[in-house]
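One letter stands for each residue in the lines below.
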Amino acid sequence: MSMQEETMETNKIRPLTVRIEDFKEGLQRTVAESELPPFLLEMIVGEYLAGISMVASKEYAQGREEWEASEKGR
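Q: What exactly am I supposed to notice about the overall build of the chain here?
A: Check the secondary structure of the chain and you find 3 helices and 0 strands. Taken from N to C terminus, the helices and strands of the chain fall in the order α-α-α. Every one of the 74 residues in the chain was classed for burial, and the buried ones make up 3%. Entry remark: accessible area of the chain is about 7200 Å², with carbon and sulfur atoms responsible for 61%.

See the structure below:
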């Protein structure tokens, strides 16, 4: 394998579907290993989800703003 092929191989991005499955497996393993009761897991995951939702909303607004700005520039 040439050096260029090696560089291309190491720069490959895992497909989204693979990353999703890896995330699910990692989350499931973490939850199982935590040995926390479900009511605490629900509280922790709920707080985490609220934070993710805030970030997602900001990303959506930014993406929308960028899109609209690019459309005006046409």
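Here the narrative resumes.
Q: Which parts of the structure should I look at to understand helix H2 (residues 16-34)?
A: Because an α-helix completes one turn every 3.6 residues, residues spaced three or four positions apart along the sequence face the same direction. The terminal C-alpha atoms of H2, which comprises 19 residues, lie 27 Å apart, in line with the 27 Å expected from a rise of 1.5 Å per residue. Positive backbone phi, at 55°, marks Glu35, one or two positions downstream of H2.

Q: Looking at this structure, I do not really get the confidence of the model for the chain. What am I missing?
A: Low-pLDDT stretches of the model should not have their predicted coordinates read in fine detail. With 86% of its residues at a pLDDT of 70 or more, the chain shows a mean pLDDT of 90. The secondary-structure element of the chain with the lowest mean pLDDT is helix H1 (residues 3-10), recorded at 60, while H2 shows the highest, at 97.

What counts, and at which threshold
- Residues numbered from 1 in each chain as written.
- Predicted model: local features only at pLDDT ≥ 70, side-chain atom pairs only at ≥ 80, totals over all residues.
- Heavy atoms only, no water.
- Helix = DSSP H or I, 4+ residues; strand = E, 2+ residues; numbered from the N terminus.
- Buried < 20%, exposed > 50% of the residue type's maximum accessible area, 1.4 Å probe, protein only.
- Areas by Shrake-Rupley, 256 points an atom, 1.4 Å probe, with all protein chains shown as cover.
- Expected span 1.5 Å × (residues − 1).
- pLDDT = per-residue confidence, 0-100.

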